[in-house]
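Working through the structure, step by step
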Amino acid sequence: NAGVTQTPKFQVLKTGQSMTLQCAQDMNHEYMSWYRQDPGMGLRLIHYSVGAGITDQGEVPNGYNVSRSTTEDFPLRLLSAAPSQTSVYFCASSYSRGLGNSPLHFGNGTRLTVT
Amino acid sequence: AQTVTQSQPEMSVQEAETVTLSCTYDTSESDYYLFWYKQPPSRQMILVIRQEAYKQQNATENRFSVNFQKAAKSFSLKISDSQLGDAAMYFCAYRGMEYGNKLVFGAGTILRVKS
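These figures come from a predicted structure and were not determined experimentally.

Procedures and definitions
- Residues numbered from 1 in each chain as written.
- Chains lettered and ligands numbered in written order.
- Predicted model: local features only at pLDDT ≥ 70, side-chain atom pairs only at ≥ 80, totals over all residues.
- Heavy atoms only, no water.
- Helix = DSSP H or I, 4+ residues; strand = E, 2+ residues; numbered from the N terminus.
- Rg over C-alpha atoms; globule rule 2.2 N^0.38 Å.
- Buried < 20%, exposed > 50% of the residue type's maximum accessible area, 1.4 Å probe, protein only.
- Contact = heavy atoms within 4.5 Å.
- Areas by Shrake-Rupley, 256 points an atom, 1.4 Å probe, with all protein chains shown as cover.
- Lys, Arg positive; Asp, Glu negative; His and termini not counted.
- Charge placed at Lys NZ, Arg CZ, Asp CG, Glu CD.
- Buried area = accessible area lost by both parts, 1.4 Å probe.
- Salt bridge = Lys/Arg side-chain N within 4 Å of Asp/Glu carboxyl O.
- Polar contact = N/O pair within 3.5 Å; in protein donor to acceptor, adjacent residues only side chain to side chain.
- Nonpolar A, V, L, I, M, F, W, Y, C, P; charged D, E, K, R; others polar.
- Phe/Tyr/Trp six-rings, centres within 6.5 Å; stacked < 30°, edge-to-face > 60°.
- Pairing = 2+ DSSP bridges.
- Axes fitted to C-alpha atoms, helices over the stretch in contact; angles between N-to-C directions.

In terms of helices and strands, chain A carries zero helices and 11 strands. Overall, chain A shows an N-to-C arrangement of helices and strands of β-β-β-β-β-β-β-β-β-β-β. A compact globule built from 115 residues should have a C-alpha radius of gyration of about 13 Å, and chain A, at 13 Å, falls within 12% of that. Relative to its full complement of 115 residues, chain A shows a buried share of 50%. Sequence-distant contacts, at least 24 apart, represent 54% of the contacts inside chain A between residues at least 6 apart. Surface exposure of chain A reaches about 5,100 Å², of which carbon and sulfur atoms provide 49%. Positive and negative side-chain charges in chain A, numbering 8 and 7 respectively, have mean positions lying 9 Å apart.

The following block contains the structure:
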């Protein structure tokens, strides 16, 4: 059981480049989300999805796009990378039923550096 | 919007001793869930313990226990018999019942364990 798989683990981009962070889960979780982790700020929610075809903005959505065409996949797109997007990115998923009590399962993170 | 505050950026504990990490939160909801996550240097996010707000009994998981004070909106984590493997960043998190059930994190506390 792979759980939540994120790729790549590390990425370096130049300002203005675009890229997609991949996230896949094999637990049939309806709920998926993307967080970024910055020193002193904990994890902040970028975008989330409560099911296939549904996405919503979190706390810090600017500069990022998401889509949810299948239950399993939830890619995060950086449209035009900026140094302020240098961070560690986490994908996380959980069941929607009994959502509050259902813990998030996290991927291992992607460390992104934008120069 | 809900907020989570961890007022201790760093804590140290001697091996085999007990340490308490503090967490306070702000919410107007009466039903919600609280979590502690551990993040070791590997970057992996590991669920340590969870608490349902409607339960008065404090949650425990082996050497980990919480002191949940709903009226004071306080949710501290106690680690007994500290081990070297407990050294990590610890995040307190809140999950409410509103649409999206977003998980809101505190800024984290780095725990160092001395041998």
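Additional details are given in the paragraphs that follow.
With that out of the way, let us pick up the interface of chain A and chain B. Between chain A and chain B, the contact holds 28 residues from the first and 20 residues from the second. Summing the contributions of chain A and of chain B, the shared interface buries around 2,000 Å²; its carbon and sulfur component is 53%. There are zero salt bridges connecting chain A and chain B. Along the contact surface separating chain A from chain B lie seven residue pairs in polar contact (both at pLDDT 80 or more). Of all the elements in the fold, those that place two or more residues in the side of chain A that touches chain B are β4 (31–38), β5 (42–51), β6 (54–57), β9 (87–94) and β11 (110–114) of chain A. The element contributing the most residues to the side of chain A that touches chain B is β5 of chain A, with five residues. Taken together, the residues of the side of chain A that touches chain B break down into 15 nonpolar, 10 polar and three charged.

Side chains that carry opposite charge are capable of pairing whenever their charged atoms lie near each other. Residue and element names in this part refer to chain B. Summed over the entire model, instances satisfying the criterion amount to six salt bridges over all chains. For E10, the salt bridge is made with R112, and the minimal N-O distance between the two is 3.1 Å. On the criterion of sequence distance, the pair formed by E10 in strand β2 (residues 10–14) and R112 in strand β12 (residues 109–114) is long-range, its members being 102 residues apart. The shortest N-O distance in the salt bridge between D26 and K73 comes to 3.9 Å. Highlighted residues: D26 in strand β4 (residues 24–26) and K73 in the loop between β8 (64–69) and β9 (74–79), separated in sequence by 47 residues. You can call D26 partly exposed: its relative accessible area is 42%. Assessed through its relative accessible area of 27%, K73 is described here as partly exposed.

This part takes up the packing of aromatic side chains. Within a pair of aromatic rings, the relevant descriptors are the distance that separates the centres and the angle that separates the planes. Residue and element names in this part refer to chain B. Enumeration over the complete set of coordinates arrives at 15 aromatic pairs over all chains. Pairing F35 with Y37 gives two aromatic rings, centres 6.2 Å apart and planes at 35 degrees, and the pair type is tilted. Here F35 matches Y37 in class, with each residue buried. Ring plane angle 25 degrees and centroid distance 6.2 Å describe the contact between W36 and F75, whose orientation is recorded as stacked.

Here the focus is the sheet that holds strand β1 (residues 4–7) of chain A. All names here are of chain A. Reading across from one edge, β1-β3-β8-β7 is the order of the four strands in this open sheet, with antiparallel pairing throughout. The open sheet is flanked by β1 and β7 (64–66), the only strands paired with a single partner. Taking each pair of neighbouring strands and ignoring which way they run, the sheet shows an average axis angle of 20 degrees. Here β1 pairs with strand β3 (residues 19–25) via four bridges, running antiparallel. Of the residues in β3, the one forming a bridge with Q6 is C23.

Fair warning: the whole summary comes from geometry, so function is off the table for now.
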